[in-house]
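Reading the structure
Next come the chains, spelled out residue by residue.
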Amino acid sequence: MTSTWEVNNLPNNKLNSEIFCMDDSVLQSDPPKDRWNIVYLILVLHGIGILMPWNMFINAKSYFVDYKLGHDYLGDDLYYASIFMAYLTIGSQFPSLLFNWLNIFCPIGGKLTTRIVWSILTEVLCFIFTVALVMINTSQIPALFFWSTLCSIVLLNMANGIYNSSVFGMAAKLPAKYIGAVVLGTNLSGTFTSIANIASISITPDARTAAIYYFTTALFVLLTCFNTYFALPSNRFYKFHEHIYLQKIENQDLKQCGDDDKIPYWSIFKQAGPQLINVFFVFFVTLSIFPAVHSDIKMSSKDFIFGETYYTSVMCFLTFNVCALIGTYLSTLVSWPKPKWLFVPVALRILLIPLFLICNYHPIGVTRIMPVLIENDYVFWTLGAILGLSSGYYSSVAMMYTPSCVEPRYSGIAGMFGAAVLLTGICCGILFGMITPFIVRHVSI
């Protein structure tokens, strides 16, 4: 099936005649509405699918490090457990980053349907492979398990990089709140996987069974994304806005008929630059702290309400993801400040990095000399909530502002730049998070 948004390689007059058989006068007098918010919810679902691979694997730290690569399962202490999360992080984000940027300039497969469908199918196969590894006894082949898992993660995130930028490019052609829907979905993805992880641990004490339940949920979500993608071409609201988008492109082309037909990537990047910087710094600060620093902050009070079993799951993953979700939802109600001043609160978030470092942060195998100045668990919990709220809110606002910085015909490219810069901020934040153990071990206040 060829979707209605595959417009890049077809002339506008052909698209208008073949795809949009609508009476303009009727549409202008009675524009279709997004009934029951179907299009909005579909984009939220694809937002969940975008970050599903990353969230599923980082939340499964206990399964990989403590179970499959742990002493009890292998009968020995091997170095694979100590390096797995670092390799997972690199294998997850850098392939996704590379293919996200590549997909802007060299669209893989040409058509959007080709890129999204094959990306989702690749991710589904990778998760099937992961579930198969859960069922297989790998205690005698830890090296094979380690490297095959990492290869699967790399392939998974190559496909995800293409999927990510394609979805943001698709949403950028709709009203601004639909970019927010995708960002809302990415934050909801974290909440969903955190709850799925806690639920799987609670349902069964057996790590193998819990992992099967956990990773199977990702398959259902991705298959649902696959199915709902093909629902959009028949949606009257989507076709209307696609029609409006094409008319704007056609009008621009008539005004600039003598110009070069090449896409001015550098000009688009410069025009959207201020908001792209905001997107970068929001995710840089967030990923500098979460999950590397955030998940290694230990409980200070022995009688704290959650106890050690659920402390990290609730205080780190669940708190951050729920608050990010709330922040993203708030951005759909009000966008503040205006684009010109958004850099101010974004820049102030950098203060969160030293605040988390002076909490009870104890990386594995590191003796810190930096004094712990924040020992109260409730203060740490509040900081976690602020981190999540501000991340969800300002990332969504910046992503919604980005397409409006350029001409309408280039809004899709601007949206794809936003997705690529988002991942760039994530990768740079992850790299900075890797040096925070060095900071607390060598810097004293």
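Another aspect to go through is a nonpolar patch on the surface. On the surface, a cluster of nonpolar side chains totalling about 740 Å² of accessible area is made up of Val322, Ile326, Tyr329, Leu330, Leu333, Val334, Trp336 and Leu389. Looking at where Leu330 falls in the secondary structure, it is placed in helix H14 (residues 307–333).

The subject of this paragraph is the side chain of Ser313. Among the secondary structure elements, Ser313 is positioned in helix H14. Exposure remark for Ser313: the relative accessible area of 15% places this residue in the buried category.

Our focus in this paragraph is the environment of Phe64. Position of Phe64 among the secondary structure elements: in helix H4 (residues 61–68). For the pair Phe64 and Ala81, spaced 17 residues apart in sequence, the C-alpha separation works out to 7.5 Å. Those residues in contact with Phe64 that lie beyond four places of it in its chain are Phe57, Leu69, Gly70, Phe84, Phe145, Thr149 and Phe215.

Under the defined criterion, the tally for this structure stands at two salt bridges. The partner of Lys298 in a salt bridge is Asp296, with the nearest N and O atoms 4.0 Å apart. Note on Asp296: relative accessible area 12%, which makes it buried. In this structure, Arg409 and Glu407 form a salt bridge, with 3.2 Å as the shortest nitrogen-oxygen distance. Residue Glu407 is classed as partly exposed on the basis of its relative accessible area of 25%.

The interhelical angle for the contact between helix H9 (residues 177–203) and helix H17 (residues 377–401), taken along N-to-C directions, is 145°, at an axis separation of 8 Å. Handedness of the H9/H17 crossing: right-handed. Between H9, through Lys177, Ile179, Gly180, Val183 and Asn187, and H17, the contact on the second element is made entirely by Gly392, Ser395, Ser396, Met399 and Met400. Residues that form the contact of H9 with H17 fall into these classes: four nonpolar, five polar and one charged.

Another point: unusual backbone geometry. Residue Pro291 is bonded to the preceding Phe290 through a cis peptide linkage, with omega at 0°. Relative to the helices and strands, Pro291 resides in the loop between helix H13 (273–289) and H14. Cis geometry is found at the peptide bond from Trp336 to Pro337, where omega equals -5°. In this structure, Pro337 sits in the loop between H14 and helix H15 (343–348). Look at Asn37: it is not a glycine, yet its phi comes out positive at around 55°. Its relative accessible area of 37% is what places Asn37 among the partly exposed residues.

Time to look at helix H8 (residues 142–171). Its 30 residues place the ends of H8 42 Å apart at the C-alpha level, agreeing with the 44 Å of an ideal helix rising 1.5 Å per residue. Most of H8 sits out of view: 23 of its 30 residues are buried.

Let's shift gears to the environment of Ile268. Looking at the element boundaries, Ile268 is found in helix H12 (residues 265–271). Sequence separation between Ile268 and Cys405 is 137 residues, and the spatial gap between their C-alpha atoms is 8.4 Å. Ignoring sequence-local partners within four residues, the contact set of Ile268 consists of Ile263, Val406, Tyr410, Ile413, Ala414 and Phe417.

On to the nonpolar core, then. One finds Leu43, Tyr63, Phe127, Phe168, Phe215 and Phe356 to be the most contacted residues of the largest nonpolar core, which totals 131 residues. Per-element accounting of this core gives the leading share, 13 residues, to helix H3 (residues 38–59). Apart from residues lying up to four places away in sequence, Tyr63 is in contact with Lys68, Leu133, Val134, Phe145, Ala207, Ala211 and Phe215.

What the rule picks out here adds up to 43 aromatic pairs. A ring pair is formed by Phe57 and Phe215, whose centres lie 5.7 Å apart and whose planes are at 45°; its orientation type is tilted. With a gap of 158 residues between them, Phe57 in helix H3 and Phe215 in helix H10 (residues 207–229) connect regions that are remote in the sequence. For Phe57, a relative accessible area of 2% gives the class buried. Taking the centre distance of 5.2 Å and the plane angle of 80° together, the rings of Phe306 and Trp381 count as edge-to-face.

As for its placement among the helices and strands, Leu276 is situated in helix H13. Using a relative accessible area of 3% as the deciding quantity, one classes Leu276 as buried. Remark: the alpha-carbon pair of Leu276 and Tyr401, spanning 125 residues in sequence, is separated by 9.3 Å. Setting aside anything within four residues of it in sequence, one finds Leu276 in contact with Phe269, Thr402, Phe417, Gly418 and Val421.

Of the residues in the protein chain, 90% have a pLDDT of 70 or more, and the chain-wide mean is 85. In the model, residues 1–22 has pLDDT below 50 throughout and makes 52 contacts with residues more than four positions away in sequence or in other chains.

For Thr191, the position within the fold is in helix H9. A distance of 2.8 Å separates a polar side-chain atom of Thr191 from the backbone oxygen of Asn321. In this structure Thr191 touches Asn321, Val322 and Leu325, once residues within four positions along its chain are discounted.

A few words on the packing of helix H6 (residues 80–105) against H8. For the pair H6 and H8, the least separation of the axes is 7 Å and the interaxial angle reads 30°. Considering their axes alone, H6 and H8 lie roughly parallel with respect to each other. Both H6 and H8 take part in a crossing whose hand is right-handed. Residues that form the contact of H6 with H8 fall into these classes: 16 nonpolar, twelve polar and no charged.

Reading the values: the criteria
- Residues numbered from 1 in each chain as written.
- Predicted model: local features only at pLDDT ≥ 70, side-chain atom pairs only at ≥ 80, totals over all residues.
- Heavy atoms only, no water.
- Patch = residues over 30% accessible without salt bridge, like charges linked within 9 Å, V, L, I, M, F, W, Y side chains within 5 Å.
- Areas by Shrake-Rupley, 256 points an atom, 1.4 Å probe, with all protein chains shown as cover.
- Salt bridge = Lys/Arg side-chain N within 4 Å of Asp/Glu carboxyl O.
- Helix = DSSP H or I, 4+ residues; strand = E, 2+ residues; numbered from the N terminus.
- Buried < 20%, exposed > 50% of the residue type's maximum accessible area, 1.4 Å probe, protein only.
- Contact = heavy atoms within 4.5 Å.
- Axes fitted to C-alpha atoms, helices over the stretch in contact; angles between N-to-C directions.
- Left-handed = near helix turned anticlockwise from the far one by under 90°.
- Nonpolar A, V, L, I, M, F, W, Y, C, P; charged D, E, K, R; others polar.
- Expected span 1.5 Å × (residues − 1).
- Core = buried A, V, L, I, M, F, W, Y, C linked by side-chain atoms within 4.5 Å.
- Phe/Tyr/Trp six-rings, centres within 6.5 Å; stacked < 30°, edge-to-face > 60°.
- pLDDT = per-residue confidence, 0-100.
- Polar contact = N/O pair within 3.5 Å; in protein donor to acceptor, adjacent residues only side chain to side chain.
- Parallel < 35°, antiparallel > 145°, perpendicular 65-115°, else oblique.

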